[in-house]
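Residue-level structure breakdown
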Amino acid sequence: MSLARYLTFLERRRGWVLTAVCMLVVALASGARFLHFTTDYRVFFSHDDPRLKVLDALHRTYTKDDTVLFILTPKDGQVFTPTTLASIAWLTKQAWRLPYVQRVDSLQNFQYTYARGDELVVQDFYHDPERLRPADLKRLKQIALDEPLLKNRLISPQADVTGVSVSVRLPGVDEEREVPQVVAHAKRLAAELSKRDPNLEVRLTGGVLMSYAFPEASLHDLKTLVPAMAGLVLVVLYLLLRSAQATWVAGLAILCAIASTMGLAGWLGVPISPPAAAAPNIILTVAVADSVHVLISFLLAMQAGWLQPKPWSQVRLRALEHAFRLNLRPMFLTNFTTALGFLSLNFSNSPPFRDLGNLSALGVGFAFGYTLVLAPCLLLALPSRPSKPPVGQNGMVRLGEWVIARRRGCLTLMLGAVVGLGALLPNNELNDDLIQYFSPATPFRQHAEYATAHLTGMYVMDYSLPASGPGGVTEPEYLRVLDEFAAWYRKQPEVIHVFSLADIIKRLNRNLHGDDPAWYQIPESRELAAQYLLLYEMSLPEGLELTDRINVDKSASRFTATLKNLSSREMLDLERRARAWMAQNAPAYMQAQATGPNLIFAHIGQSNISGMILGTAVEFAVIALVLVAALRSVGLGLLSLVSNTVPALLAYGLWGGLNGQINMGLSVVASMTLGIVVDDTVHFLSKWQHARTAKDGDRTAAVRYAFAQVGAATLVFSLVLAAGFLVLTGSDFTINAQMGLLTAITIGFALVADLFFLPPLLLVGVKDPGLNLETLKAR
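This text gives an overview of the structure that appears in the document.

Rules used throughout
Residues numbered from 1 in each chain as written. Predicted model: local features only at pLDDT ≥ 70, side-chain atom pairs only at ≥ 80, totals over all residues. Heavy atoms only, no water. Pairing = 2+ DSSP bridges. Helix = DSSP H or I, 4+ residues; strand = E, 2+ residues; numbered from the N terminus. Axes fitted to C-alpha atoms, helices over the stretch in contact; angles between N-to-C directions. Contact = heavy atoms within 4.5 Å. Parallel < 35°, antiparallel > 145°, perpendicular 65-115°, else oblique. Disulfide = S-S within 2.5 Å. Salt bridge = Lys/Arg side-chain N within 4 Å of Asp/Glu carboxyl O. Buried < 20%, exposed > 50% of the residue type's maximum accessible area, 1.4 Å probe, protein only.

Read from one edge of the open sheet, 4 strands run β2-β5-β1-β6, paired in antiparallel fashion. On the outer flanks of this sheet lie β2 (101-105) and β6 (200-205), each paired with one strand and no other. Across the sheet, the axes of successive neighbouring strands diverge by a mean angle of 20 degrees, strand direction being ignored. By the bridge criterion, 4 bridges tie β2 to strand β5 (residues 162-168) in an arrangement that is antiparallel. When the sheet's bridge partners are listed, valine 104 is paired in β5 with valine 166. On the sheet, helix α4 (residues 82-95) packs against β1 (66-74), β2, β5 and β6 and is oriented at approximately 5 degrees with respect to β5.

Set out below in structure tokens:
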């Protein structure tokens, strides 16, 4: 079917077509009720990720416990007062009522051991705090600060901050309900404690709070950023197109594309993680492209009076036919390359970024389809009249003349910028900090950073260190290496606290030798250490057993180093040093791999870079072949790719000068934007080719024609794109915010390249400007 017949069909059957489109949109959008927000950080890893398997194996061995950590800061700066100790005791008791609770650890119920003759006494650290005398308080404070299992874990070195750690075991049946249920109960408990004891500042952190922060950030973005972006896009489109009807048509097509995409995501069961939550904003932004190019060509044709005055229905039909004939091929190419850019995110090792790419690619496809079907029906139905030319139209003609006259200077300046900013590329380094995934304004990050600065950290390196066999955790050699490993870790500047079975065994050995400090050492025999451990375990109350530290047959123990908030580079460096120490100092049977959520995030950030480099290379090759075939010119196809690698190079170079830290979100920007920024280049080259072949113009005149026909659309599209991605900088999820900022910078550089770099490249070797625009039109 020819384009003219297709548009005539839409004009005659637009009622039926609009009804069918509405039914399709409603059917797809109804799937939105099945959308669900994920609360598990594991969503960032593939199920077969080997490092995730190590973490899961550790959790299966010692139980998978998620934590809620209450950080208590007395305003008078003293933890060891009767009032504060009473508040700790009250919170310890109440915390056992949290949903899914497995264990509560605090100063009050720390299992303090001491000798009474030949007897080992195991009891809570203190009772009846109201009756404690100053001498008792001083003694408790000194004991706590001397105890390795308390200092920098449940009590700060200055004894001015303490914590109550609650371990919960979530069933995992309904994650959308379980995590919020625990968090809501913890917040109520914190509020009640603050009311009971005005002297206490209460903060909440821990793994459960981090899990809650992920969907909270996603929901915040969907509630705030999407409406803000929609309003911004409509306002910018109206100001630039100068047509309320054209803006309404574009907005409706984009809205249908978003509704269809997110509804289909619900039908397919795609979980909404913070990266995937950015999809509506991205679709809202990139879907503007098709509408902008068609609408600007349509408005220009109407304004120029294509086929004279009346009837207006024929004017609209011919103007629309002209707009589609001029833009259909480049529209297809740009949609293909944009979708390909997003689909290249499937090379990412992190599923949420694959979801983001797939949803965005779907949105691009829906936007293209609705532009071909919905937009013509609406434009043919509305009582359009010729309007003022889109903003920038006349200015683009003048800008084209300026660039042509100064093409050598433009080319020199652009090449200078490439060299100058390109030199800053090595300043970039991959660094992920899990806490800094969240905005500084989010309570979770504020409380987590406070906890790290004043008490303990959220980052850990966990080991399940094997012994020589069942019962081997009490072997003197095993305990000696364990103790030396703990001593090595405590000397590292990145470490806050170390939890080792060796510390418990040494304390028991001292207790059973009359609490003589000289006996704070590893027992000389396996039998003695085993007897101590058995005696201690039999004395522990229910809920405070050592099952989280020793496996069932006592063939391995858990070793935990709590760390400061480290970047991925620092984390991996510490892991490397620890592995080197183990290889040199521990027997072969004790060798084990470190794990922890933050550590596997650091590793996936590194591997994600490799995946995205491969994805970008594949994308580059495919786009090159498509453009060469579509433009029927090897030279133009390669030229378009050269001009479109420049924006990413300039953007990452500028980022290297301003920041230099590349997180997992920023690592996908080059691949994602390559498909986007190609759009305007394809439209420019398409118009340039049209002028040179169909209208028989020379290269200079063809550049003038391209500026006149596509310059305004390039300006509109780039401004809307940049504005859309800049809205993402308001995200509570820092990965999305920085991804939006770097993408906006890339789009800005792409606009500069399309206007000041590509035209001079097309005019290389041309000495005389030749034909002007009027001559070309006459031809």
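So, about the pairing of strand β4 (residues 119-124). Relative to β4, strand β3 (residues 111-116) is paired through 6 bridges, and the arrangement is antiparallel. What sits directly across from arginine 116, in β4, is glutamate 119.

Turning our eyes to something else, we now look at the packing of helix α2 (residues 14-29) against helix α8 (residues 244-268). Each packed pair of helices is defined by two parameters, the angle between the axes and the distance between the axes. Between α2 and α8, the least distance of the axes is 7 Å, while the angle of their chain directions is 40 degrees. For the element pair α2 / α8, the angle class is oblique. Side by side, α2 and α8 meet where Val25, Ala27, Leu28 and Ala29 of the first sit next to Cys256, Ala259, Ser260, Gly263, Leu264 and Trp267 of the second.

Simply put, disulfide is the name for a covalent bond between the sulfur atoms of two cysteines. Under the criterion given, the structure shown has 0 disulfides. The closest cysteine sulfur to the non-disulfide-bonded cysteine 256 is located on cysteine 22, 6.9 Å from its own sulfur.

Turning our eyes to something else, we now look at the pattern of salt bridges. Close approach of charged atoms allows side chains of opposite charge to pair. One pass over the structure, following the stated rule, counts 22 salt bridges. Measuring nitrogen to oxygen at the nearest pair gives 3.2 Å for the salt bridge that ties arginine 507 to glutamate 147. Here arginine 507 is found in helix α17 (residues 501-511), whereas its partner glutamate 147 is found in the loop between α5 (134-146) and β5, with 360 residues between them in sequence. You'll find arginine 507 and glutamate 147 in the same group, each marked buried. In this structure, the salt-bridge partner of aspartate 462 is arginine 558, at a minimum N-O distance of 3.0 Å. Highlighted residues: aspartate 462 in strand β8 (residues 459-466) and arginine 558 in strand β10 (residues 556-563), separated in sequence by 96 residues. A relative accessible area of 5% places aspartate 462 in the buried class. Given a relative accessible area of 12%, arginine 558 falls into the buried group. Salt bridges here are not isolated pairs; linked through shared partners, they connect Arg103, Asp105, Asp548 and Arg549.

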